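# Summary of the model geometry
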Amino acid sequence: TVVSAVLGILLIALVVIYVFVQQFVNPAELRTAPQFKNVQGNNTWLAFLPIAPVETSQAGILVIAGITIILSLASLMLLGHLLCFHIYLSLKKLSTYEYVVRERHNQDIRDHGNDPESAHTA
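To start, this report covers the structure provided alongside it.

Turning to the overall build of the protein, a few remarks are in order. Counting secondary structure elements, the protein contains 4 helices and 2 strands. Secondary structure elements of the protein occur, N-terminal to C-terminal, as α-β-β-α-α-α. Burial analysis of the protein (122 residues in total) assigns 20% to the buried set. In the protein, of all internal contacts separated by at least 6 residues, the share reaching a separation of at least 24 is 31%. For the protein, the exposed surface amounts to about 8900 Å²; the carbon and sulfur share of it is 67%.

Put into C-alpha cells, the structure is as follows:
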C-alpha cells in the first residue's frame, strides 16, 4: 500500500541521514564490519556492504548518501500526493475508476458547453 511505501522511504532516509551525520561525528562507528580489517589504517571506505563491497572515499559515501536523500525526498513527495489523493477519494466515497469517469464527463461538458447532447455525440 501507499502507507507502507511511505514508511519504507522514511526508514531509508533515516538510515542515510544517520550515516551522513556519523561521517562527521564518529566515523569509526561506521567501520565495524569485518571487511574493514583490511583497510582500517587508511581513508578508504567500503560501499554496498556486505553484498558487493566497493572501495571509495569519504566523499563518495557522502555523494551516495546525498543522491539517496534526494531520491527519497522526491519519492516521498510523489507518494504523499498519491496518499492525499486516496484519502480525498475515501472521504468522497469514490473509487479511482468512479473519479476518472466523473472527471472525464465533467471535461466533456466543459469542452462542448452545457449541451449534454453534444457531449454524447463527440
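Moving on to the side chain of Gln-22. You can see Gln-22 is positioned in helix 1 (residues 2–25). For Gln-22, a relative accessible area of 10% corresponds to the buried category. Aside from chain neighbours lying at most four places away, what touches Gln-22 is Pro-27, Glu-29 and Leu-30.

Before going further, it helps to spend a moment on helix 3 (residues 96–112). In a regular helix each residue adds 1.5 Å, so 17 residues correspond to 24 Å; helix 3 covers 24 Å between its end C-alpha atoms and thus fits that length. One or two residues past the end of helix 3 sits Gly-113, with phi positive at roughly 80°.

So, on to unusual backbone geometry. With a phi angle near 55°, Lys-93 is a residue other than glycine that sits in the positive phi range. Of note, Lys-93 is situated in the loop between helix 2 (58–91) and helix 3.

Cut-offs applied
Residues numbered from 1 in each chain as written. Predicted model: local features only at pLDDT ≥ 70, side-chain atom pairs only at ≥ 80, totals over all residues. Heavy atoms only, no water. Helix = DSSP H or I, 4+ residues; strand = E, 2+ residues; numbered from the N terminus. Buried < 20%, exposed > 50% of the residue type's maximum accessible area, 1.4 Å probe, protein only. Contact = heavy atoms within 4.5 Å. Areas by Shrake-Rupley, 256 points an atom, 1.4 Å probe, with all protein chains shown as cover. Expected span 1.5 Å × (residues − 1).

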